[in-house]
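The chain contents come next:
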Amino acid sequence: MTGIKQKANIFQKLLCLLLAAAMLVSPAFVPKARAAGAATGIGLAEHGIKAHAEGWKYQYGGKGEYVGGTRVSDCAGLIYAYFSDMGMRDPAGNCTGHVNLSKFHGTISECLPNIHGLLLTMPEYNAPETGIYSHIGIYIGGGMATDNSDYTYNMRRLPVNAPGRDWNAWHLLDNGLLYPSNGWYEMDQKMTHYTSYQYDTDTVIDGLTINSEGYAVDEAGEYLPVDETMLSNDFVPASVVADHLATLYSGKDNTHDLVYGVQPDPDDPAYNGIITGTGVNLRAEPTTQSSAVRVLHKGDLLKITGEVEGMEITSGGKTSSLWYAVTTATGKSGYVCSLFVSKRNVPGGELEAPVIESDGYSVTITSKDEDADIYYTTDGTEPTEDSTPYVGPVYMTGCTYKAVAIKDGAASPAAVSTVLSNGTVFTDFTYADWYAGNIDQAVTYGLFKGVGENKFEPNSRVQRGQFVLVLANLAGVNLDAYSGVTSFADVSPSAYYAKAVQWASETGITNGDGTGFRPTDSISRQEMCVLIYRFLGLRPVDIYASFADDGKIASWAKDAVYTCRGAGIINGVGDNQFDPLGTATRAQACVVAVNCYNQ
């Protein structure tokens, strides 16, 4: 505890009066604090430390609930519990789900950034069809990790490279979590300093010595008490940190390659075969007596170059002497028994990809060929005849389905459809994309809709008319009460956004630009802030740290830009730049819209 906190219990009333007087006398007096009420990487790391200290027990499927007076969770539930404790919704339910919500990834053997609250994962070698990550934990800094391990060990706090630990990759979670930017921050009741989104080690800053763990210490090596007057409240979203990390690291998470091996482009028609078994030997000759060229894994794509008769093999109740001559993605050639290979994209005999649909409650998958069998996955892996067979409606939304139709050993191209939590189906992004969770929320909340049959167009630019309609949806406006007639000559009353523009104009949210409304122009970042500022009725902040490109921000937009940043609705684009004239994609606008919704 700091000196101020220690005295607060004794002189509480006096301090309140003194603080109030200080703010009246000096308008520049703004006490710095941590990101109050916001979920942060530091907060997640502290959550892991606290869970270990409290002795949480392991329970599969647990999410932080109390059992016998003790909180319980599994590895993913430990992370889920942090957001539920913060009153937030964490849409991920397992290791792979949390990874899919992450913005940037890396392999620990390449680097481990100095960022509190990174997620750490281990590969799933034994049953990758359930997701390629077997375990997940929290990086708490100083080379240490916490995780709720299993029924034997429960909560553990160990070095990342401790014997018996197989942490392989790290992930920058992007579900609304904020990360430190620059300055001093409190972490586990200690002082830590961040420079360019990573905490500093083994240095001296502001006259304070920082040790190898990243904490300020005195001459005796003891942790210094937290000085709240030095603390920064500058937190940024994962997208800003990810942009910076991309200049330093490859962003490669090699877990998939470890589990499956290096994969070619799945859309390359030359790869007309896929391995359906686990631990399949590529043989030098079509017999198990020949040498093994390499071990192939389930999901590996191959070029089938010929068929030969070889040794008869029995597996899974089936027998075959047919072997395929194949070449792998790495150029290795040999033979594989047909029992362990499924053909795909067969010239002249292709099956059409299945159709994936949802009624809002269940998902159905159909094939035009009634004699074909359908198999599907929901974990991002390629479907094969060893995947889950489709036998009827599936009652699971909020995931990406991949499905193939298989007949006589030949597989159709894979159908890929993302089914949101409310059952809406899109085919132009998956839950592996960083923005999927934000689109899910924005569509489920009724803020955004698709732009065509099963298309969301996440990377297209948001138009001014579209964004005003989003605000109307946020407000829950009954647009049927409006005619669509406005004072803007460039807004047709029949346009889909016309009634929303009329509402925004009549309520003072927009005044156009003097010549019209320009509804089909891409909305700039500063224009977006102004509309949000007026829509939410925000009050301007008096003191703020300017962006480096502050001179490019229009005078009529500055209050809105800095107030929206202070409210956690929008942030810069990296390197302390705001890019006021830049435009936003539909995916990026979903993030802003969801932030507004949460306000």
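Residues numbered from 1 in each chain as written. Predicted model: local features only at pLDDT ≥ 70, side-chain atom pairs only at ≥ 80, totals over all residues. Heavy atoms only, no water.

Undergrad: Quick one: what's the story with the packing of aromatic side chains, residue by residue and with numbers?
TA: Here the structure, examined in full by the defined rule, presents 22 aromatic pairs. Judged by centre distance (5.4 Å) and plane angle (75 degrees), the ring pair of F426 and F456 falls under edge-to-face. You can see F426 sitting in strand β32 (residues 425-426) and its partner F456 sitting in the loop between α7 (436-444) and α8 (464-475), a full 30 residues away along the chain. Here F456 falls in the buried class, since its relative accessible area comes to 0%. Considering the side-chain rings of F429 and Y435, the 6.0 Å spacing of their centres and the 65 degrees angle between planes classify their relative orientation as edge-to-face. (Phe/Tyr/Trp six-rings, centres within 6.5 Å; stacked < 30°, edge-to-face > 60°. Helix = DSSP H or I, 4+ residues; strand = E, 2+ residues; numbered from the N terminus. Buried < 20%, exposed > 50% of the residue type's maximum accessible area, 1.4 Å probe, protein only.)

Undergrad: Quick rundown of the packing of helix α2 (residues 41-54) against helix α3 (residues 75-85)? Include the residues and the values.
TA: The contact between α2 and α3 brings their axes to 10 Å, and the two run at 115 degrees. In terms of orientation, α2 lies roughly perpendicular with respect to α3. Where α2 crosses over α3, the two elements pack in a sense that is right-handed. Of the residues in α3, those touching α2 at G43, L44, H47 and A51 are L78, I79, A81, Y82 and D85. For the contact of α2 with α3, the per-class residue count stands at six nonpolar, two polar and one charged. (Axes fitted to C-alpha atoms, helices over the stretch in contact; angles between N-to-C directions. Parallel < 35°, antiparallel > 145°, perpendicular 65-115°, else oblique. Left-handed = near helix turned anticlockwise from the far one by under 90°. Contact = heavy atoms within 4.5 Å. Nonpolar A, V, L, I, M, F, W, Y, C, P; charged D, E, K, R; others polar.)

Undergrad: How would you explain the sheet that holds strand β15 (residues 208-210) if you had to name every residue and give the values?
TA: Taken in spatial order, the three strands make up an open sheet running β14-β15-β16, and their pairing is antiparallel. Of all the strands in the sheet, the pair left with one neighbour each is β14 (203-205) and β16 (216-217). Bridge analysis of β14 against β15 gives three bridges, and the strand direction is antiparallel. From the neighbouring strand, I205 faces β15, where its bridge partner is L208. (Pairing = 2+ DSSP bridges.)

Undergrad: Quick rundown of the environment of S524? Include the residues and the values.
TA: Note that S524 resides in the loop between α9 (498-506) and α10 (525-536). The buried category is assigned to S524, whose relative accessible area is 9%. In the structure, S524 is positioned 58 residues away from G582 in sequence and 5.4 Å away in space, judged by C-alpha atoms. Beyond its immediate stretch of four places on either side in the chain, S524 contacts P580, L581, G582 and T583.

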